[in-house]
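Overview (structure and organization)
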Amino acid sequence: MTDSNERNLLELACALADAAAAQSMRYFRTPLPIITKDDLSPVTLADRDAEAAMRRILAERSPGDGIFGEEHGRERLDAGRVWVLDPIDGTRSFITGSPLWGTLIGVLEGGRVRLGMVDMPVLRERWWGLSEAGGRGAIALRNGQPVHASACTRIEDARIVCTSPDIFAPADWQAFDALSGRCAMRRFGGDCYGYAQLAGGTIDLVVETGLQPYDYLGPAGLIEAAGGVITDWQGQPLGLQSDGRVVAAATPELHRAALAALAA
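Residues numbered from 1 in each chain as written. Predicted model: local features only at pLDDT ≥ 70, side-chain atom pairs only at ≥ 80, totals over all residues. Heavy atoms only, no water.

**Here's the deal with the packing of aromatic side chains**
- If you walk through the whole model with that rule in mind, you get ten aromatic pairs.
- The interplanar angle of 55° and the centroid separation of 5.5 Å between the aromatic rings of Phe28 and Trp101 together place this pair among those described as tilted. Of the two residues, Phe28 sits in the loop between helix H1 (4-27) and strand E1 (35-36) while Trp101 sits in the loop between helix H3 (91-95) and strand E6 (102-109), which places them 73 residues apart along the sequence. Accessibility classification places Phe28 together with Trp101 in one group, the buried group. (Phe/Tyr/Trp six-rings, centres within 6.5 Å; stacked < 30°, edge-to-face > 60°. Helix = DSSP H or I, 4+ residues; strand = E, 2+ residues; numbered from the N terminus. Buried < 20%, exposed > 50% of the residue type's maximum accessible area, 1.4 Å probe, protein only.)

**Remarks on the sheet that holds strand E11 (residues 159-162)**
- The strand order E12-E11-E13-E15-E14 describes an open sheet built from five strands, whose pairing is mixed. A strand with exactly one partner marks an edge of an open sheet, and here the two such strands are strand E12 (185-188) and strand E14 (229-232). Ignoring strand direction, the axes of neighbouring strands in this sheet form an average angle of 15°.
- Relative to E12, E11 runs parallel, the two sharing four bridges. When the sheet's bridge partners are listed, Arg159 is paired in E12 with Met185.
- The strands touched by helix H4 (residues 170-181) within the sheet are E11, E12 and strand E13 (205-208), with E12 carrying the most contacts at an inclination of about 135°.
- Along the sheet face, helix H5 (residues 193-200) touches E11, E13, E14 and strand E15 (246-249) and points at about 155° away from the line of E13. (Pairing = 2+ DSSP bridges. Axes fitted to C-alpha atoms, helices over the stretch in contact; angles between N-to-C directions. Contact = heavy atoms within 4.5 Å.)

**Some details on the pattern of salt bridges**
- Evaluation of the coordinates by the stated rule reveals 17 salt bridges.
- Between Arg81 and Glu109 there is a salt bridge; the shortest N-O distance is 3.1 Å. Here Arg81, found in strand E5 (residues 81-89), pairs with Glu109, found in strand E6; they are 28 residues apart in sequence, far enough to count as distant.
- By relative accessible area, which is 24% here, Arg81 ends up partly exposed.
- With a relative accessible area of 24%, Glu109 lands in the partly exposed category.
- Between Glu156 and Arg182 there is a salt bridge whose closest N-O contact spans 3.0 Å. With Glu156 in the loop between strand E10 (145-146) and E11 and Arg182 in the loop between H4 and E12, the pair connects residues that are 26 residues apart, well separated along the chain.
- Residue class for Arg182 comes out partly exposed when judged on its relative accessible area of 40%.
- Several salt bridges share partner residues, and in doing so they unite Glu6, Asp65, Arg81, Glu109 and Arg114 into one network. (Salt bridge = Lys/Arg side-chain N within 4 Å of Asp/Glu carboxyl O.)

Okay, here's the thing in structure tokens:
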């Protein structure tokens, strides 16, 4: 990175991830009350404290920016820069003591994802992707080391992952089951880590439904910077108004084949 604005953006994202981890790790594998939200998903004090810590930093260091957060709502979504925050993606994993939960940070500028981060506090892995200003390119790193999506182009060679079969409505499950049944390997679980694995080249496809912007925009920035492709099931770019059905693939060829299979 040669642009000071890019360095500052990354430094701020890292500060948010550090603050979230400091809060969430205090609570990890300790007894916690579990609250059921209106959408029947679980939330804990750890989720809420972690996002509150992130918002305090933004209020101090970049008060004009917008925020789209899972736990504490939306502010200034018409701002030039909007931070999309998921303090603990994988709350069920967090509650059950699994290490495969993470903090997701996406930065939208002009409606497009400029930076995406998947931070895995227990694993001590920080994945981020940044699209440089002026179309100069993109960079994706894991703990400071470059990562890149695989070269897989065929469904039959692909390793596919999804958080859980429970996320699918019947028709969507039928489409996913048919697609994933053609793949070389199918795995469930991992929450946001599956997207990081795709950016790192060890997973080739992620297909999910029922997601919110804070679930997919952080991973989208990482995957695109790592050379992968991520859209909705119609092949449209992801944004705040997307329907929550996501297809991420290592290559454009694999992505096109997956979209065609899901639509069949």
